[in-house]
Amino acid sequence: MAFVVSSGELATTGAGVLPAYAPATFRAQPWEYETIWRTQPQVRTVIGFIARNIAQLGVHVFRRISDTDRERLRDHPLAQLLDEPLPKMTQYRFIERIVSDRALYDNYYGIKLKLNGRLRILSVPPTLIRPYGGNWIAPEYFETAGGRQFGPDEVVHIHGYSPNDLTFGESPIESLRELILESSEAAKSRAQMWKGGSRLTGVLVRPADAPEWEAKDRRRFREMWRTFSQGGGAEGGTPILEDGMDYKPVGFNPEQAQYIEARKLTREEVAAAYYIPPPLIGILDHATYSNIKEQHAHLYQDTLGPWTVDLQQEFAAQILPDLPDNRDVYCEFNVEAKMRGDFESQAAAASTATGGPWMTRNEIRARNNLPRVEGGDELIVPMNVTEGGLASPRDTAPEPGDGGPKAGGLPRRKASGRPSSLGTFASERDALESTLVAFTERQADALLAAAGAKADGDGMPDLLELWAKGSEDRLAQLQALLSHHGYRLAQVGAWGVLDVYNPEAENWSAEVMLAWILAAAETHAAQHEEAGRAAVAKVQEEGGDGWREDLQSAAAAWGSAAAARARTAATETRSFGSHDAAGASGLTKKIWRTGGTNPRPSHKAQDGESVSLDDVFSNGLRWPGDSGGETKELVNCNCDLDYEGS
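Quick notes on the rules
- Residues numbered from 1 in each chain as written.
- Predicted model: local features only at pLDDT ≥ 70, side-chain atom pairs only at ≥ 80, totals over all residues.
- Heavy atoms only, no water.
- Helix = DSSP H or I, 4+ residues; strand = E, 2+ residues; numbered from the N terminus.
- Buried < 20%, exposed > 50% of the residue type's maximum accessible area, 1.4 Å probe, protein only.
- Contact = heavy atoms within 4.5 Å.
- Areas by Shrake-Rupley, 256 points an atom, 1.4 Å probe, with all protein chains shown as cover.
- Core = buried A, V, L, I, M, F, W, Y, C linked by side-chain atoms within 4.5 Å.
- Phe/Tyr/Trp six-rings, centres within 6.5 Å; stacked < 30°, edge-to-face > 60°.
- Lys NZ or Arg CZ within 6 Å of the ring centre and 35° of its normal.
- Axes fitted to C-alpha atoms, helices over the stretch in contact; angles between N-to-C directions.
- Parallel < 35°, antiparallel > 145°, perpendicular 65-115°, else oblique.
- Left-handed = near helix turned anticlockwise from the far one by under 90°.
- Nonpolar A, V, L, I, M, F, W, Y, C, P; charged D, E, K, R; others polar.
- Salt bridge = Lys/Arg side-chain N within 4 Å of Asp/Glu carboxyl O.
- Pairing = 2+ DSSP bridges.
- Lys, Arg positive; Asp, Glu negative; His and termini not counted.
- pLDDT = per-residue confidence, 0-100.
- Polar contact = N/O pair within 3.5 Å; in protein donor to acceptor, adjacent residues only side chain to side chain.

**Regarding the overall build of the protein**
Each helix and strand counted, the protein has 19 helices and 16 strands in total. Buried positions account for 41% of the 646 residues belonging to the protein. Of all intrachain contacts in the protein linking residues separated by at least 6 positions in sequence, the fraction that spans at least 24 positions is 69%. Taken as a whole, the protein presents about 34600 Å² of accessible surface, with 51% of it coming from carbon and sulfur.

**Details of the nonpolar core**
Core analysis: the biggest nonpolar cluster contains 53 residues, and I50, I95, Y274 and F315 have the highest contact counts within it. Considering each element in turn, this core owes the most residues, eight residues, to helix α2 (residues 41–55). The residues contacting Y274, other than those within four sequence positions of it, are V46, I47, I50, A103, L104, P172, I173 and T303. Among the nonpolar cores identified, the runner-up in size contains 44 residues, and A490, L498, A563 and W623 belong to it.

**Here's the deal with the packing of aromatic side chains**
Here the structure, examined in full by the defined rule, presents 11 aromatic pairs. Ring geometry for W495 against W508: centres 5.8 Å apart, planes inclined by 75°, an arrangement best described as edge-to-face. A residue pair is termed long-range when its members are at least 10 positions apart, and W495 in helix α16 (residues 463–501) and W508 in the loop between α16 and α17 (514–542) qualify at 13 residues. Here W495 and W508 have matching classes, each one buried. Summarising the aromatic geometry, the rings of F576 and W623 are spaced 5.8 Å apart at their centres and angled 65° between planes, so their arrangement reads as edge-to-face. Taken together, the residues span a long stretch of sequence, with F576 in helix α18 (residues 547–584) and W623 in the loop between β15 (610–612) and β16 (640–644) at a distance of 47 residues. In this structure, F576 and W623 share a single accessibility class: buried. Lying across the ring of Y330, R64 places its NZ or CZ 4.5 Å from the centre.

**Some details on the packing of α17 against α18**
Across the interface, α17 lies against α18 with an axial gap of 10 Å and an inter-helix angle of 160°. When the interaxial angle is binned, α17 and α18 end up roughly antiparallel. Here α17 runs over α18; the crossing is right-handed. Between α17, through W516, H524, Q527, H528, A531, G532, A535, V536, V539 and E542, and α18, the contact on the second element is made entirely by W547, D550, L551, A554, W558, A561, A562, R565, A569, E572, T573 and F576. In terms of residue class, the contact of α17 with α18 is made up of 13 nonpolar, five polar and four charged.

**Quick look at the pattern of salt bridges**
Counting across every chain of the model gives 19 salt bridges. Across the pair D626 and R622 runs a salt bridge, and its minimum N-O distance is 2.8 Å. Judged by relative accessible area, which is 34%, R622 ranks as partly exposed. One connected set of salt bridges, linked through shared partners, spans R102, D106 and D310.

**Structural notes on unusual backbone geometry**
Non-glycine residue K88 carries a positive phi angle of around 70°. Relative to the helices and strands, K88 resides in the loop between α3 (77–83) and α4 (91–105). For N116, which is not glycine, the phi dihedral falls at a positive 55°. In this fold, N116 is placed in the loop between β3 (107–115) and β4 (118–124). Classification of N116 by relative accessible area gives exposed; the value is 82%.

**With respect to the pairing of strand β8 (residues 155–159)**
The buried fraction of β8 amounts to four of the five residues, a majority that puts the element mostly inside the structure. In this sheet, β8 lies alongside β3 in antiparallel orientation, the contact comprising five bridges. Note on β8: the bridge partner recorded for G110 is V156.

**Side note on the pairing of β3**
Sheet faces and side chains relate simply in a regular strand, where the side chains alternate between the two faces. Relative to β4, β3 is paired through seven bridges, and the arrangement is antiparallel. Residue K112 lies in a different strand from β4, and its bridge partner there is I121. Counted between consecutive antiparallel strands, the loop separating β3 from β4 contains two residues, among which N116 sits at a positive phi close to 55°.

**Some points on the side chain of E572**
Residue placement: E572 occurs in helix α18. In this structure, E572 is buried with no salt-bridge partner, the nearest side chain bearing the opposite charge being R622 at 5.6 Å. The residues contacting E572, other than those within four sequence positions of it, are W516, H524, W623, P624, G625, D626 and S627.

**What to know about the sheet that holds strand β1 (residues 59–66)**
Across a sheet, strands are paired by hydrogen bonds formed along the backbone, either parallel or antiparallel in direction. If you trace the three strands from one edge of the open sheet to the other, you get β2-β1-β11, paired in antiparallel fashion. Two strands bound the open sheet, and with one partner strand each, they are β2 (69–72) and β11 (329–333). For this sheet the average axis-to-axis angle between neighbouring strands, irrespective of direction, equals 40°.

**A word on the confidence of the model for the protein**
Should the pLDDT be low somewhere, the predicted coordinates at that spot are not to be read in detail. Chain-level pLDDT for the protein is 77 on average; 75% of the residues reach the 70-or-more range. Here residues 383–414 is a poorly scored stretch, pLDDT under 50, and it has 58 contacts once near neighbours within four places are set aside; other chains count.

**Concerning the environment of T39**
Looking at where T39 falls in the secondary structure, it is placed in helix α1 (residues 30–39). Under the relative-accessibility criterion, T39 is labelled partly exposed at 48%. For T39, the side chain forms a polar contact with the main-chain oxygen of T35, separated by 2.7 Å.

The structure is reproduced here in structure tokens:
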């Protein structure tokens with residue numbers, strides 16, 4: 001058995017391949033593929049589908065800190081390069097170009113440039129560059145159409161598989177060439193048919209006993225026939241045949257030719273060549289809601305998954321070594337955002353994962369690209385797991401098919417009674433307010449400290465940049481804070497109804513409210529974060545020597561907004577909880593009760609107004625604090641609801 005020995009560089013194996021041998025890079029000339037893309041709608045549809053769906057994912061850059069933790073790098077040179085490969089070129093256009101070139105030619109070329117001290121990538125159409133020289137392992141150099149030569153380390157060359165060598169990929173279009181040619185010829189045939197007034201090719205038969213025509217008669221009839229059949233201006237009219245002549249069509253009619261079926265077959269074959277489920281590109285013959293949903297998951301796992309992994313590894317192999325500070329750095333397409341289920345599915349999965357005894361909060365945060373939190377490495381073991389002998393905090397829910405009432409997408413079960421730890425509405429509302437205000441003040445102080453540290457003399461730093469650095473972590477903490485207190489407030493509202501109408505809490509479960517509470521927490525967190533950002537943006541815009549004082553005033557205003565936000569969110573979650581319990585208890589009417597010492601005129605006017613449980617009140621709200629209504633109807637609302645049966 002023979003072995004190849006190399007001193008740092010790969011050598012040829014001597015299998016009949018000389019060092020100077022370089023096979024033709026394309027089975028066809030590259031402009032042939034370009035023509036196919038321009039003229040064949042099936043090819044363009046499929047390639048565009050792949051390129052657009054990958055380009056819109058976005059690429060994030062991370063540094064691996066440990067097996068369970070990683071840090072998102074926004075200012076790393078690789079992140080900057082991917083965000084702006086060339087001046088005024090977006091990441092979307094860059095990724096779309098890479099994927100389109102790979103899908104069409106199975107080759108992508110990009111020239112590495114240094115502009116203003118930064119690495120940039122100039123994408124080059126495969127029609128304008130190709131590898132030369134070398135051997136079947138690596139080319140000696142790349143040459144552009146203008147004769148400029150670049151070394152292998154100056155070019156990013158991403159390619160697929162070829163059975164001939166390791167230096168280029170062979171386009172999937174090659175395997176579709178005959179099918180595409182057939183489709184093209186069919187299109188030409190249809191064009192000729194329509195050009196001839198939608199008539200098919202045929203022959204004119206003249207009886208044998210018809211009188212013989214002179215030359216002028218033949219010429220006259222030929223010119224007349226052409227006006228009807230070859231774009232002479234009389235298409236669609238009725239020619240007059242002479243001497244008992246008869247027209248006999250020759251060839252297939254449109255039904256026999258099965259043009260529609262043939263076009264559909266071509267699109268299906270092109271989709272199959274790129275591993276795309278047919279319903280995703282508009283072939284809906286056998287599509288249903290369930291299989292389209294499954295094929296959406298299949299799209300980002302089996303269809304686009306290999307593309308994204310390939311590009312991630314190519315970026316790491318061909319671009320990252322040219323950048324500084326590249327230790328433990330890698331990039332990922334944000335496929336996770338597309339693979340997540342609907343919100344209720346995410347909420348149920350997150351509740352089980354973070355509340356069960358097998359994952360810590362920091363582990364689940366790492367999976368969602370969030371930073372670690374203090375105390376997040378401790379397992380949270382719910383009471384019903386340790387005392388009830390259950391394997392999961394969700395095992396108390398009935399199995400599907402038990403016939404129990406359903407709500408919110410989750411099965412209901414009988415509650416075990418009002419939790420003794422719940423306080424009154426006033427105490428739970430005050431707890432939320434004090435917690436949210438304290439959190440807001442801490443974040444404002446951190447921003448003020450960072451701005452002071454970054455200030456150059458009396459110059460104002462980029463306040464929005466400082467704000468953005470902590471935004472992701474703030475949002476995560478805000479959502480956790482609001483959902484925790486919101487869950488308690490919703491239970492307070494629910495038990496206010498259950499104690500009166502349904503003491504045994506039949507058909508009601510607090511867990512069913514989790515999905516809505518998490519969604520409401522996400523909305524309030526985003527609104528509160530945006531309020532702070534807007535205040536900082538105003539200071540940034542006004543600038544001036546007094547920016548420090550303005551920033552302190554903005555921080556104080558954000559703290560005041562936190563108090564109003566907490567009271568509004570408390571009213572909303574209590575109202576939702578009571579509404580949910582009323583529905584589970586079979587109540588059918590709700591009555592608005594105006595509260596507070598200085599209620600709004602609109603709320604005061606509708607005191608005692610009664611509507612059905614699923615209806616809205618005259619102010620457009622489902623319940624006090626309903627975030628689906630107008631802002632002027634929500635802030636600092638102290639109203640409540642009563643309920644009645646049928």
